[in-house]
Amino acid sequence: MIQETLKSNALPESFTQETLERAVARAQELNKAHEFDQAEELLRDVLTKAPEHPGALKALNRTLMWGQYQDQVFDERYNELVTNA
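Please read these numbers as outputs of a predicted model, since none were measured by experiment.

### What to know about the overall build of the protein
Item 1. When you go through the protein residue by residue, the secondary structure sums to 5 helices and 0 strands.
Item 2. In the protein, the succession of α and β elements from N to C terminus is α-α-α-α-α.
Item 3. Taken over 85 residues, the protein has a buried fraction of 27%.
Item 4. Sequence-distant contacts in the protein: of pairs separated by 6 or more residues, those separated by 24 or more amount to 39%.

Following this line, the structure appears as C-alpha cells:
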C-alpha cells in the first residue's frame, strides 16, 4: 500500500528540468531588479546541479558582467568572464 501511494504521488519526470528553467528565469528577473548577487547565487546553484545547462552559464556571465558595471569595478571575476565567454 505504501509503494502504491508513493508511485501515485511521484513527481513527473520533467520536474527537475522545469525547476532549473524556473530558476534561470528567476535569475533573469533578479538581474532586471539589479539583485545581481542573488541572481549569481541562484545560477551557480543551477550549474552545480546541471553543469551543462544550456542557458545558465550564459545567464551567469551576463549577471557577473552587469553586476560589475553596476558597481563600476572589475575585479577577480573578470578572468572568469573572459574564460567562460
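From this point, things continue past the structure.
### As for helix α3 (residues 36-49)
Item 1. For α3, with 14 residues, the first-to-last C-alpha span of 20 Å sits near the 20 Å given by 1.5 Å per residue.
Item 2. What α3 keeps buried is the set F36, A39, E40, L43, V46 and L47. Taken down its axis, α3 places every buried residue within 125 degrees of arc, on the same side. Among the exposed residues of α3, those pointing more than 90 degrees away from its buried face are D37, E41, T48 and K49.

### Some words on the packing of helix α2 (residues 15-32) against α3
Item 1. Across the interface, α2 lies against α3 with an axial gap of 8 Å and an inter-helix angle of 160 degrees. Between α2 and α3, the angle is such that the two are roughly antiparallel. For the pair α2 and α3, the sense of crossing is left-handed. Here L20, A23, V24, R26, A27, L30 and N31 of α2 lie close against α3, whose contacting residues are F36, Q38, A39, L42, L43, V46 and K49.
Item 2. A breakdown of the residues in the contact of α2 with α3 according to their chemical character gives 10 nonpolar, 2 polar and 2 charged.

### Considering the pattern of salt bridges
Item 1. Considering all chains together, one arrives at 3 salt bridges under this definition.
Item 2. Between R44 and E40 there is a salt bridge, and its shortest N-O distance comes to 2.9 Å. Of the two residues, R44 and E40 are both situated in helix α3; the distance of 4 residues between them amounts to about one turn of the helix.
Item 3. By relative accessible area, which is 10% here, E40 ends up buried.

What counts as what
Residues numbered from 1 in each chain as written. Predicted model: local features only at pLDDT ≥ 70, side-chain atom pairs only at ≥ 80, totals over all residues. Heavy atoms only, no water. Helix = DSSP H or I, 4+ residues; strand = E, 2+ residues; numbered from the N terminus. Buried < 20%, exposed > 50% of the residue type's maximum accessible area, 1.4 Å probe, protein only. Contact = heavy atoms within 4.5 Å. Expected span 1.5 Å × (residues − 1). Arc of directions from axis to C-beta. Axes fitted to C-alpha atoms, helices over the stretch in contact; angles between N-to-C directions. Parallel < 35°, antiparallel > 145°, perpendicular 65-115°, else oblique. Left-handed = near helix turned anticlockwise from the far one by under 90°. Nonpolar A, V, L, I, M, F, W, Y, C, P; charged D, E, K, R; others polar. Salt bridge = Lys/Arg side-chain N within 4 Å of Asp/Glu carboxyl O.

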